[in-house]
Amino acid sequence: MIEKKTDSKKSVSDYQYLIVGGTTKAATTSLFSYLAAHPTICAASFKETRFFLDSDYPLPSKFRFKGDVEEYNQLFTDCEENQIRLESTPDYLYCSSALERIAAFLPNAKLVFSLREPISRLVSWYRFAVQIGRLPKSLNFDDYAEDLLTDTKQDKVFKDTNPSDFPQYMQALQQGCYSEYLKRYYDIIGEQRIYTLFFEELAENPLNVLNDICHFAGIHPDFYSDYIFKVTNRTETMRNSGLHNRYTTFRFKVRKWTHNKPIIHKPLRAMRKAIEPLYLSLNTRTEEAVSISDKTQSKLIAYFKPDVEILSELIGKKPPWRPFE
């Protein structure tokens, strides 16, 4: 049982939070950017804090919960007292300990989960794993999917990789079964504090989705009436994967060091936003279509369909996912 810390000063539990979770590869970075722009909201010093994940969860972060939840305040050093505090960690959906900690320590938190059609999400994970060099370019999607469906994790693909280094894209199939993860949040947090959206609707009409989120969060939606919605953190096909890995590693290290140093962090962030589009234009190439055989498509539909039906009942609306209509 997690015990809440008591303190005479204003504690973490006294603030309002809006936490963007959901699944990976579902535009959570873009959604975070849209929400962070709202004047009623104050974003964490970097998007994906990962604070409430288990210490051994296979994603790096500067801060992790180690027993003192008040350390969470260090991620919101530039916030006013009455602002809603925003962070986004997609993997909270998959970590039961994160759910327990949020429920115990953040009684005023509301959660937004973004979900994506699971087959297209799996394709996106495949692209990303190839892009960063974690899957060989010679491995086609059908073989990747078959490895996951049969749960073989064949040595021919991962013989040179430490198993602890690839859990995300090797769990991409199972993590597309959203209902079993989301139900735990419904049971413990309660559906009144949870808003579920679909990546496809956000991509097609972000204004409608943001208006709905504003009503859910209790803030004015008028801010977005003339807002320009730009997609961020799109999965790109890189010309030089090694260079991109070095770039993202360097960016992560700089962000960890400067996130609570606004005098340094803000100018560097502005510089990155100005330079990064040029870098991406030089180190990306035209994305190649991923071929999926009818056999693999049928297997994946059969695998995900039962969960899609349960999900529809759980959240009270049918996902706009064509393969399952």
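Analysis parameters
Residues numbered from 1 in each chain as written. Predicted model: local features only at pLDDT ≥ 70, side-chain atom pairs only at ≥ 80, totals over all residues. Heavy atoms only, no water. Helix = DSSP H or I, 4+ residues; strand = E, 2+ residues; numbered from the N terminus. Polar contact = N/O pair within 3.5 Å; in protein donor to acceptor, adjacent residues only side chain to side chain. Contact = heavy atoms within 4.5 Å. Phe/Tyr/Trp six-rings, centres within 6.5 Å; stacked < 30°, edge-to-face > 60°. Buried < 20%, exposed > 50% of the residue type's maximum accessible area, 1.4 Å probe, protein only. Lys NZ or Arg CZ within 6 Å of the ring centre and 35° of its normal. Pairing = 2+ DSSP bridges. Disulfide = S-S within 2.5 Å. Salt bridge = Lys/Arg side-chain N within 4 Å of Asp/Glu carboxyl O. Axes fitted to C-alpha atoms, helices over the stretch in contact; angles between N-to-C directions. Parallel < 35°, antiparallel > 145°, perpendicular 65-115°, else oblique. Left-handed = near helix turned anticlockwise from the far one by under 90°. Nonpolar A, V, L, I, M, F, W, Y, C, P; charged D, E, K, R; others polar.

A. Expanded view of the side chain of S97. Inspection of the secondary structure assignment puts S97 in helix α2 (residues 96–105). Reaching out from S97, the side chain makes a polar contact with the side chain of D54 at a distance of 2.9 Å. Those residues within four positions of S97 in sequence are excluded, and the remaining contacts are F52 and D54.

B. View of the packing of aromatic side chains. Applying the stated rule across the entire model yields 26 aromatic pairs. Look at F51 and F52: their rings are 4.9 Å apart centre to centre, the planes differ by 90 degrees, and that puts the pair in the edge-to-face class. The buried category is assigned to F51, whose relative accessible area is 0%. Aromatic side chains Y224 and F229 sit 6.1 Å apart centroid to centroid with 20 degrees between the ring planes, which places their arrangement in the stacked category. Using a relative accessible area of 0% as the deciding quantity, one classes Y224 as buried. Here the guanidinium or amino end of K25 rests over the ring plane of F128, the centre of that ring lying 3.5 Å away. Here K317 stacks its cationic end above the ring of Y195, 5.2 Å away from the centre of that ring.

C. Local environment of the pairing of strand β4 (residues 109–115). Where burial is concerned, most of β4 is hidden: 6 out of the 7 residues are buried. In terms of strand pairing, β4 meets strand β5 (residues 194–198) through 5 bridges, oriented parallel. Following the sheet pairing, V112 is matched in β5 by Y195.

D. Quick look at the environment of S96. One can find S96 in helix α2. Residue classification places S96 among the partly exposed residues on the basis of a relative accessible area of 35%.

E. Highlighting the environment of R184. Note on placement: R184 falls in helix α7 (residues 178–188). The partly exposed category is assigned to R184, whose relative accessible area is 29%. Along the chain, R184 and S96 lie 88 residues apart, while their C-alpha atoms are 8.0 Å from each other. A polar contact of 3.5 Å, which involves the side chain of R184, links it to the backbone oxygen of L93.

F. The arrangement of the state of the cysteines in detail. Enumeration over the complete set of coordinates arrives at 1 disulfide. Across the disulfide from C42 sits C79; the S-S distance is 2.0 Å. Across the S-S bond of C42 and C79 the torsion is about -80 degrees, and the bridge reads as left-handed. Of the two residues, C42 sits in strand β2 (residues 41–43) while C79 sits in the loop between β2 and β3 (84–88), which places them 37 residues apart along the sequence. For the pair C42 and C79, one class covers both residues: buried.

G. Fine view of the pattern of salt bridges. Tallied over the entire structure, the rule returns 6 salt bridges. A salt bridge links K47 to E48; the nearest nitrogen and oxygen atoms lie 3.3 Å apart. Just as K47 is buried, E48 falls in that class too. Between K183 and D187 there is a salt bridge; the shortest N-O distance is 2.9 Å. Of the two residues, K183 and D187 are both situated in helix α7; the distance of 4 residues between them amounts to about one turn of the helix.

H. Structural detail: the packing of helix α3 (residues 118–131) against helix α4 (residues 141–150). At a minimum axis distance of 11 Å, the contact between α3 and α4 shows a crossing angle of 110 degrees. When the axes of α3 and α4 are compared, the pair comes out roughly perpendicular. At the point where α3 passes α4, the crossing takes the right-handed sense. Residues L122, V123, W125 and Y126 of α3 lie in contact with α4, whose contacting residues are F141, Y144 and L148. Of the residues assigned to the contact of α3 with α4, the class counts are 7 nonpolar, no polar and no charged.

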